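Residue-level structural notes
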Amino acid sequence: MSRIGKLPVHLPAKVTVEVLPGNVVKVKGPLGELSQKVDPDITVTVEGNEVKVTRPTDLPRHRSLHGLYRALIHNMVVGVSEGYTIRQELVGVGYRVDVKGQILEFALGFSHDVHMMLPAEVKAEAEPVKKGANPVLVLKSADKQLVGQVAAKIRSLRKPEPYKGKGIKFVGEQLRRKAGKSAGAK
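Residues numbered from 1 in each chain as written. Predicted model: local features only at pLDDT ≥ 70, side-chain atom pairs only at ≥ 80, totals over all residues. Heavy atoms only, no water.

**With respect to the environment of His115**
Note the threshold: Secondary structure is summarised from DSSP: a helix means a run of H or I of at least four residues, a strand means a run of E of at least two, and numbering begins at the N terminus for each. Burial classes follow relative accessibility: with a 1.4 Å probe on protein chains only, a residue under 20% of its type's maximum area counts as buried, one over 50% as exposed, and anything between as partly exposed. Residues are treated as being in contact if the distance between any of their heavy atoms lies within 4.5 Å.
Looking at where His115 falls in the secondary structure, it is placed in strand S10 (residues 114-117). The exposed category is assigned to His115, whose relative accessible area is 52%. In sequence terms His115 and Leu7 are 108 residues apart; their C-alpha atoms lie 43 Å from each other. With residues near it in sequence (within four places) discarded, His115 still touches Leu104 and Glu105.

Below, the structure is given as structure tokens:
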């Protein structure tokens, strides 16, 4: 039995889950509404304030899907009740970000500013910059996959380089640094 798949998903107050025809799971909560199509072999049942995911056989395919869909449903429940937040730090002289509605405007050391349009489900805000600190961009959404994908796209605009660490990184991310050229060899 899958250790993840056999665990029931507990539903907090104000969160409802329904299984629609076509094996589509729909989760509603205070922060929004998400849906996920589940493989027809996997059975999803709602019992009281718990969601249970079961599989028909012990085939490797069914075992892998069992844990996957349980995790996806759990992420949807957490998303519509609490939401997901990702914080990114812009490290570099003159690096900054301005949030104008759903448009992000980055100054990343290029000869031009970089503009990026956010999906409607993702909200962004730039934390006020304290003296001597780096600018921080905060992304919030109910959809864990979408906010992670947007954060990865933003990071790809200017990945942290290994010598000085300049670029866009996640807050708390440990970067692998390299030593520079040594002047001793002649």
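**Examining the packing of aromatic side chains**
Operational definition: Centre distance within 6.5 Å is the pairing criterion for rings of Phe, Tyr and Trp, where only the six-membered ring of Trp is used; planes under 30 degrees apart are then read as stacked, over 60 as edge-to-face, and the remainder as tilted. Geometrically, a lysine NZ or arginine CZ counts as sitting over a ring once it is within 6 Å of the ring centre and also within 35 degrees of the ring normal.
Taken as a whole and assessed by the stated rule, the structure comprises zero aromatic pairs. Above the face of the Phe110 ring, Arg158 is positioned so that its terminal group lies 4.3 Å from the ring centre.

**Notes on the side chain of His66**
Counted only if it meets this: As used in this structure description, the phrase polar contact means that two N or O atoms lie within 3.5 Å; if the pair is within protein, one of them must be able to donate a hydrogen and the other to accept it, and residues adjacent in sequence are counted only when both atoms belong to side chains.
Following the sequence through the fold, His66 ends up in helix H1 (residues 60-81). A polar contact of 3.3 Å, which involves the side chain of His66, links it to the backbone oxygen of Gly5. Polar contacts involving the side chain of His66 include one to the side chain of Arg55, which spans 3.0 Å.

**Observations concerning unusual backbone geometry**
For Lys14, which is not a glycine, the phi torsion comes out positive at approximately 70°. Of note, Lys14 is situated in the loop between strand S1 (9-10) and strand S2 (16-20). For Lys14, a relative accessible area of 72% corresponds to the exposed category.

**Observations concerning the sheet that holds strand S3 (residues 24-29)**
For clarity, the threshold we go by: Pairing between strands is defined by DSSP: at least two bridges between the two strands are required. All axes here are fitted lines through C-alpha atoms, helices being fitted over the stretch that makes contact, and every angle between N-to-C directions spans 0 to 180 degrees.
Read from one edge to the other, the open sheet built from three strands follows the order S2-S3-S4, with strand pairing classed as antiparallel. Of all strands in the sheet, those bounded by a partner on one side alone are S2 and strand S4 (32-37). Adjacent strand axes in the sheet meet at a mean angle of 15° when their direction is disregarded. Both S2 and S3 contribute to a ladder of five bridges, which runs antiparallel. Pairing of Leu20 across the sheet is with Val24, part of S3.

**Things to note about helix H2 (residues 144-157)**
We apply this condition: What a helix should span is 1.5 Å times the count of its residues minus one.
Across its 14 residues, H2 extends 21 Å between first and last C-alpha, which sits within 8% of the 20 Å expected from 1.5 Å per residue. Those residues of H2 that sit buried are Leu146, Val147, Val150, Ala151, Ile154 and Arg155. Buried residues along H2 sit in contact with strand S7 (84-91), strand S9 (103-107), S10, strand S12 (136-141) and strand S13 (167-170). The N-terminus of H2 is capped by Asp143, whose side-chain oxygen sits 3.2 Å from the backbone nitrogen of Gln145.

**Digging into H1**
If you check H1, its first and last C-alpha atoms are 32 Å apart, about what 22 residues at 1.5 Å a residue would give, namely 32 Å. Every buried residue of H1 is accounted for by His62, Leu65, His66, Gly67, Tyr69, Arg70, Ile73, Met76, Val77, Val78, Gly79 and Val80.

**Points about the nonpolar core**
Quick reminder of the rule: Take the buried residues of types Ala, Val, Leu, Ile, Met, Phe, Trp, Tyr and Cys, join any two whose side-chain atoms come within 4.5 Å, and each joined set is a nonpolar core.
Ranked by size, the top nonpolar core spans 22 residues in total, and within it Leu90, Leu104, Phe106, Leu137, Leu139, Val150 and Ile154 carry the most contacts. Among the elements of the structure, S7, S9, S10, S12 and H2 are those that each provide at least two residues to this core. In terms of residues, this core owes the most to one element, H2, which gives five residues. Those residues in contact with Phe106 that sit more than four places away from it in its chain are Leu90, Arg96, Val97, Asp113, Val114, Met116, Leu137, Ile154, Leu157 and Ile168. In terms of nonpolar packing, the next biggest core, distinct from the first, is built from 18 residues, Val9, Val25, Val38 and Val80 among them.

Geometry only, nothing functional implied.
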